[in-house]
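Next come the chains, spelled out residue by residue.
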Amino acid sequence: MLDAVVLAGGEADPALAPGVPSKAFAPLSGRPMVEFVLGALRAARSVRRVAIVAPMPLPPGVAASVDVAVPDRGALLDNVAAGLSALEGPSPVLAAGADIPLLTPGAVDAFVEAGLALDAEIVYGVVRREDVLREFPGISKTFVRLREGTLTGGSLILLDPRAFARARSAIERAVRARKRPWDLARLFGLRTVLGLLTGTLQIPDLEGRVTRLTGVRARALVCRTPEIAIDVDSPETLSLVRGRLSAAGRPGPQQAERLARP
């Protein structure tokens, strides 16, 4: 078993959830969206403690679902560092976005089991386009074409805390350069960028470049569970998620935890 941290900070988004401190607290079935993520983690066999990084104070239902609460630091990487520090240990930690309310305990356990089996210090979950569209036809997502297929990023990452500390400055450079093509080319190498643009880059090539850039062993894990990539980043996706939860009659987070645990 390992610990998990849910990243529920960031700026408010009035288009998604007016009147709440961040989109993690957008209402779904009468509860903050993040409660569904917390419910999946609490019910997962592979997760021990759960921490959250979020604006304080927490709503009662959220506070009751976590073992450690950390005030929002504002920036994403600052929140990751604060969450890892609060969990106080060298063991791998599962970092999860707060905006994937369709996450299931089974998807968590599958990701953790497969990620821990890799020789890696950072494992990033990705999902194939066909797996996303089969379950969620018509959803708007950003996909990247690689030689192995067309993929989108998920919101589950397995992190070695010490590796994150070593890689943080390189990750910050990549985040700053993400919207400036020539800066990205200098950072990752022109051949890597051209491979991404033409769809000829292979996953091991990208993993190798990230490893050389950050100094840590990084791997991409192709997952068959598309719900890890259904992050609520638009009113359209929020509406889709509400409809899916309603149609499925999915139990609330507290009920899901009780049903999944003996």
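As a reminder, the structure under discussion sits directly above these lines.
No experiment lies behind these values; they were computed from the predicted model shown. (Residues numbered from 1 in each chain as written. Predicted model: local features only at pLDDT ≥ 70, side-chain atom pairs only at ≥ 80, totals over all residues. Heavy atoms only, no water.)

Describing the overall build of the protein chain
Scanning the protein chain for helices and strands turns up 11 helices and 10 strands. At 18 Å, the protein chain has a C-alpha radius of gyration in line with the 18 Å of a compact globule built from 262 residues. The dimensions of the protein chain, computed from C-alpha atoms along their principal axes, are 50 × 40 × 35 Å. For the protein chain, with 262 residues in total, the buried portion stands at 48%. In the protein chain, once contacts between residues fewer than 6 apart in sequence are set aside, the share between residues at least 24 apart is 71%. In the structure as shown, the protein chain presents an accessible area of about 12600 Å², 55% of it carried by carbon and sulfur atoms. Across the protein chain, 33 positive and 27 negative side-chain charges occur, with their mean positions spaced 3 Å apart. (Helix = DSSP H or I, 4+ residues; strand = E, 2+ residues; numbered from the N terminus. Rg over C-alpha atoms; globule rule 2.2 N^0.38 Å. Buried < 20%, exposed > 50% of the residue type's maximum accessible area, 1.4 Å probe, protein only. Contact = heavy atoms within 4.5 Å. Areas by Shrake-Rupley, 256 points an atom, 1.4 Å probe, with all protein chains shown as cover. Lys, Arg positive; Asp, Glu negative; His and termini not counted. Charge placed at Lys NZ, Arg CZ, Asp CG, Glu CD.)

Digging into helix α10 (residues 235-248)
With 14 residues, α10 should reach 20 Å at 1.5 Å per residue; the first-to-last C-alpha distance of 20 Å fits that figure. Of the positions making up α10, those classed as buried are Thr237, Leu238, Val241 and Leu245. Buried residues of α10, viewed axially, fall in a sector of 105°; they line one side. Pointing more than 90 degrees away from the buried face of α10 are the exposed residues Glu236, Ser246 and Ala247. For α10, the elements touching its buried residues are β2 (27-28) and α1 (33-43). (Expected span 1.5 Å × (residues − 1). Arc of directions from axis to C-beta.)

A look at the pairing of strand β7 (residues 122-128)
A regular strand carries its side chains on alternate faces of the sheet. With 5 of 7 residues buried, β7 is to be regarded as a mostly interior element. Taken together, the 6 bridges between β7 and strand β9 (residues 149-159) define a ladder with antiparallel strand orientation. Looking at the pairing, arginine 128 lines up with leucine 151 of β9. As paired strands, β7 and strand β10 (residues 218-223) are joined by 6 bridges and run parallel to one another. Among the inter-strand pairings, valine 126 is bridged to a residue of β10, identified as valine 222. (Pairing = 2+ DSSP bridges.)

Quick look at the nonpolar core
Ranked by size, the top nonpolar core spans 52 residues in total, and within it Val6, Val34, Leu41, Ile52, Leu94 and Leu103 carry the most contacts. In terms of residue count, α1 provides more of this core than any other element does, 7 residues in total. Excluding residues that lie within four positions of it along the chain, valine 34 makes contacts with Val6, Ala8, Ala24, Phe25, Ile52, Val62 and Ala98. Counting residues in each nonpolar core, the second largest holds 19 residues, with Leu7, Val53, Val70 and Ala95 among its members. (Core = buried A, V, L, I, M, F, W, Y, C linked by side-chain atoms within 4.5 Å.)

Observations concerning the packing of aromatic side chains
Counted by the stated rule, this structure contains 0 aromatic pairs. Above the plane of the ring of phenylalanine 143 lies arginine 129, whose end atom (NZ or CZ) is 5.7 Å from the centre. (Phe/Tyr/Trp six-rings, centres within 6.5 Å; stacked < 30°, edge-to-face > 60°. Lys NZ or Arg CZ within 6 Å of the ring centre and 35° of its normal.)

Quick word on the pairing of β9
β9 sits mainly inside the fold: 8 of its 11 residues count as buried. With 4 bridges connecting them, strand β6 (residues 93-97) and β9 associate as antiparallel partners. The residue of β9 that forms the bridge with alanine 95 is isoleucine 157. Summarising the sheet, strand β8 (residues 144-146) and β9 pair through 3 bridges and their orientation is antiparallel. The residue bridging valine 144 from the neighbouring strand is leucine 151, located in β9.

Remarks on the side chain of aspartate 99
Tracing the backbone through its elements, the reader meets aspartate 99 in the loop between β6 and α4 (105-116). For aspartate 99, a relative accessible area of 11% puts it in the buried group.

Here we look at the environment of valine 241
Relative to the helices and strands, valine 241 resides in helix α10. Taking the relative accessible area as the measure of exposure, valine 241 reaches 0% and is therefore buried. On a C-alpha basis, the gap between valine 241 and proline 57 in space is 26 Å, while along the polypeptide they are 184 residues apart. Not counting the four nearest positions on each side in its chain, valine 241 is found in contact with Leu28, Pro101, Leu102, Ile230 and Val232.

Here we look at the pattern of salt bridges
One pass over the structure, following the stated rule, counts 17 salt bridges. Between arginine 162 and aspartate 160 there is a salt bridge, with the nearest N and O atoms lying 3.5 Å from each other. Residue classification places aspartate 160 among the buried residues on the basis of a relative accessible area of 13%. In this structure, arginine 168 and glutamate 172 form a salt bridge, with 3.1 Å as the shortest nitrogen-oxygen distance. Taken as a pair, arginine 168 and glutamate 172 lie in helix α6 (residues 161-177) at a separation of 4 residues, close to a single helical turn. On the basis of relative accessible area, glutamate 172 is assigned to the partly exposed category, the value being 28%. (Salt bridge = Lys/Arg side-chain N within 4 Å of Asp/Glu carboxyl O.)

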